[in-house]
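Architecture and fold: a report
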Amino acid sequence: MSDSGTSGTTRKHTALPKARILIEALPWLTRHHGKIVVIKFGGNAMVNEELKAAFAQDVVFLRHAGLKPVVVHGGGPQISAALDRHGIVSEFKAGLRVTTEDAMDVVRMVLAGQVQRELVGLLNQHGPFAVGLTGEDAHTMTAVKHQPEIDGALVDIGRVGEITAIDTGAIEALLADGRIPVVSSIARGQDDGHVYNINADTAAAALAAALGAETLMVLTDVEGLYEDWPNSDEVISRLTASQLEKLLPELSSGMVPKMEGCLHAVRGGVTTARVIDGRVQHSILLEIFTDEGIGTMVVPDPAEGEQS
């Protein structure tokens, strides 16, 4: 047999696994085609250059595969670094950043002027897709002042907001035009004209519900929700809204807004909400287009008579 024949055979064999991977994705492509996917970008994926680049590729892939991705982001590490540079001390109460008026100016500048710009730039290396906006734009997010309860008393943590209304008009117009909206988690006050810092997990969940999204995906720095942390690193791969509600009081403070967001999303009509490990390159594609999936998926409670 000639050399060229041998190399041709070898090439066919090495290409076959790629074809199998594509075929495995087919039912998932069919199921998700034309559907909105809201992705909360955060954690390590936000600061590691390779993970950032892989995230941008994944989101653009979703767009080319016929899905409608919407990205929501916060910027905890970048905000803390900028506040340090401005000589403003970072303080947290009830897991939320105390946001003074001076701090809010910095938060707004970092989210809309730095984190969002970088993300839009990464996505637009692949085509004219990403458009950045904040919750302030076109009344996308409206909020009132949020006062958490600590030891039975309401505590003032400054310009931290609780979403009261979502207007999806601007985002839906961008999606209809084939764009990828990139939304910073800042909201305009409902009746005081102030600007509020919104927890990005909460903002992503509220947007997913308002948009009637198929899926909410929350990138985090753990593999998912652990069965019995710290005694075991077994990840719960799937649970219903009611099962999650029972677990909430036992969760670590960092996971609470993420899992509360997932609960809010599925109770608000989102088909599935998932917490996935943003430290794994291409974790979004692995979760959406493979049979195994990774992370923890939250689904609505089954209707009467259905099996969960």
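Our subject in this report is the structure included herewith. (Residues numbered from 1 in each chain as written. Predicted model: local features only at pLDDT ≥ 70, side-chain atom pairs only at ≥ 80, totals over all residues. Heavy atoms only, no water.)

**Structural notes on the side chain of Thr220**
Here Thr220 shows up in strand β13 (residues 215-220). A relative accessible area of 6% places Thr220 in the buried class. (Helix = DSSP H or I, 4+ residues; strand = E, 2+ residues; numbered from the N terminus. Buried < 20%, exposed > 50% of the residue type's maximum accessible area, 1.4 Å probe, protein only.)

**Describing a negative patch on the surface**
A cluster of acidic residues, Glu223, Glu227, Asp233 and Glu234, forms a negative patch at the surface. Mapped onto the elements of the fold, Glu223 is located in the loop between β13 and β14 (225-226). A residue is classified by how much of its surface remains accessible, and Glu223, at 37% relative accessible area, is partly exposed. (Patch = residues over 30% accessible without salt bridge, like charges linked within 9 Å, V, L, I, M, F, W, Y side chains within 5 Å. Areas by Shrake-Rupley, 256 points an atom, 1.4 Å probe, with all protein chains shown as cover. Salt bridge = Lys/Arg side-chain N within 4 Å of Asp/Glu carboxyl O. Lys, Arg positive; Asp, Glu negative; His and termini not counted. Charge placed at Lys NZ, Arg CZ, Asp CG, Glu CD.)

**Considerations on the pattern of salt bridges**
According to the stated counting rule, one finds 15 salt bridges in the structure shown. Of the charged contacts, one joins Glu118 and Lys52 as a salt bridge, the two residues approaching to 2.7 Å between their closest N and O atoms. Here the residue Glu118 occupies a position in helix α4 (residues 101-123), and Lys52 occupies one in helix α2 (residues 49-64), the gap between them amounting to 66 residues. Residue classification places Glu118 among the partly exposed positions, given a relative accessible area of 35%.

**Comments concerning the packing of helix α3 (residues 76-85) against α4**
The geometry of α3 relative to α4 is characterised by a closest axis approach of 9 Å and an angle of 130 degrees between their N-to-C directions. When the interaxial angle is binned, α3 and α4 end up oblique. Remark: the crossing between α3 and α4 carries right-handed chirality. The segment α3 lies against α4, with Gln78, Ile79, Ala82 and Leu83 engaging Ala103, Val106, Val107, Val110, Leu111, Gln114 and Val115. (Axes fitted to C-alpha atoms, helices over the stretch in contact; angles between N-to-C directions. Parallel < 35°, antiparallel > 145°, perpendicular 65-115°, else oblique. Left-handed = near helix turned anticlockwise from the far one by under 90°. Contact = heavy atoms within 4.5 Å.)

**Section: helix α5 (residues 169-176)**
Residues Ile171, Leu174 and Leu175 constitute the buried set of α5. Burial along α5 is one-sided: seen end-on, the buried residues are contained in an arc of 100 degrees. In this structure, the buried side of α5 is in contact with β1 (36-41), β2 (68-73), β5 (130-134), β10 (180-184) and α6 (200-211). Gly178 lies just past α5 and shows a positive phi near 80 degrees. (Arc of directions from axis to C-beta.)

**Side note on the nonpolar core**
Counting 44 residues, the largest nonpolar core has Ile39, Phe55 and Phe289 as the members making the most contacts within it. Those elements that place two or more of their residues in this core are α1 (3-32), β1, α2, α3, α4, β10, β13 and α9 (283-289). Ranked by the residues each element gives to this core, the list is headed by α4, at eleven residues. Core analysis: the second largest hydrophobic core is formed by 40 residues, Met141, Val183, Val270 and Val275 among them. (Core = buried A, V, L, I, M, F, W, Y, C linked by side-chain atoms within 4.5 Å.)

**Overview of the packing of aromatic side chains**
In this description, an aromatic ring pair is defined by two values, namely the gap between the centres and the angle between the planes. In this structure the tally under the stated criterion is two aromatic pairs. Here the aromatic rings of Phe61 and Phe289 are separated by 5.8 Å at their centres, their planes lie at 65 degrees, and the arrangement is edge-to-face. Note that Phe61 is positioned in helix α2 and Phe289 in helix α9, a separation of 228 residues in sequence. On the basis of relative accessible area, Phe289 is assigned to the buried category, the value being 6%. (Phe/Tyr/Trp six-rings, centres within 6.5 Å; stacked < 30°, edge-to-face > 60°.)

**Details of the sheet that holds strand β9 (residues 161-166)**
As summarised here, the arrangement of the four strands in space is β9-β6-β11-β12, forming an open sheet in which the pairing is mixed. Of all the strands in the sheet, just β9 and β12 (195-197) have a single pairing partner and so form its edges. Going across the sheet, the axis of each strand differs from the next one's by a mean of 50 degrees, ignoring polarity. Helix-sheet contacts for α4 involve β11 (186-189) and β12, and the interaxial angle to β12 is about 75 degrees. α6 contacts β6 (141-145) and β9 of the sheet and is inclined by roughly 15 degrees relative to β9. (Pairing = 2+ DSSP bridges.)

**A closer look at the pairing of β10**
Burial runs high along β10: five of the five residues are buried. Side-chain alternation along β10 places Ile180, Val182 and Ser184 on one buried face and Pro181 and Val183 on a second face that is also buried. Relative to β10, β2 is paired through three bridges, and the arrangement is parallel. Across the sheet, His73 pairs through a bridge with Ser184, a residue of β10. When β5 meets β10, the two strands line up parallel, connected through five bridges. Note on β10: the bridge partner recorded for Gly132 is Val182.

**Some words on the side chain of Asn197**
Among the structural elements, Asn197 can be located in strand β12. Residue classification places Asn197 among the buried positions, given a relative accessible area of 11%. The contact partners of Asn197, leaving out residues within four places of it in the chain, are Arg97, Thr99, Met104, Val107, Leu111, Arg159, Val160, Gly161 and Ser185.

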